[in-house]
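What follows is the residue order along each chain.
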Amino acid sequence: QAQLVESGGGSVQPGESLRLACKYSYRANCMGWFRQAPGNEREQVAGIDTDGTTAYAVAVKGRFTISLDNAKKILYLQMNSLKPEDSALYSCAAGDGIYCLSFSDDEYSYWGQGTRVIVSS
């Protein structure tokens, strides 16, 4: 079973950057980052498959980058040019699904508890 622990959240001003980290016990076929703002549904913002191919939600494309460090067993989410609408609880997830980049929760089985990001002036 995979265990996932996030870190790196915090409070920043618009335009600033943060890098989130997710320490995992093993690399699953699918790994990704999700976020949920108060009162909103959870949404996937980035995903990476076994081959290293990545995909992003339209709202974060060009600003966020997902990457894996297999040696350290850490999944990263680099977030640049942050906007107030990026404020949310960010969680990493892992699963053995096939369609890793379909942005379907069904592809993921294991979830971290999340780290909060607040972007405000």
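The paragraphs below set out a description of the structure included in this document. Treat the numbers as computed from the prediction; the structure is a model and nothing was measured.

### Regarding the environment of T50
Looking at the secondary structure, you find T50 in the loop between strand 5 (43-48) and strand 6 (54-56). In the structure, T50 is positioned 50 residues away from C100 in sequence and 8.5 Å away in space, judged by C-alpha atoms. When near neighbours in sequence (up to four residues on either side) are disregarded, T50 contacts R27 and N29.

### Describing the state of the cysteines
Disulfide: a covalent bond connecting the sulfur atoms of a pair of cysteines. The final tally for this structure, using the stated rule, is 2 disulfides. Covalently, C22 is tied to C92 through a disulfide, its sulfur atoms 2.1 Å apart. Its S-S torsion of approximately 60° makes the covalent link between C22 and C92 right-handed. Here the residue C22 occupies a position in strand 3 (residues 18-24), and C92 occupies one in strand 9 (residues 88-95), the gap between them amounting to 70 residues. Given the relative accessible area of 0%, C22 is considered buried. Exposure remark for C92: the relative accessible area of 0% places this residue in the buried category. Put simply, C30 and C100 are joined by a disulfide, and their sulfur atoms are 2.1 Å apart.

Quick notes on the rules
- Residues numbered from 1 in each chain as written.
- Predicted model: local features only at pLDDT ≥ 70, side-chain atom pairs only at ≥ 80, totals over all residues.
- Heavy atoms only, no water.
- Helix = DSSP H or I, 4+ residues; strand = E, 2+ residues; numbered from the N terminus.
- Contact = heavy atoms within 4.5 Å.
- Disulfide = S-S within 2.5 Å.
- Buried < 20%, exposed > 50% of the residue type's maximum accessible area, 1.4 Å probe, protein only.

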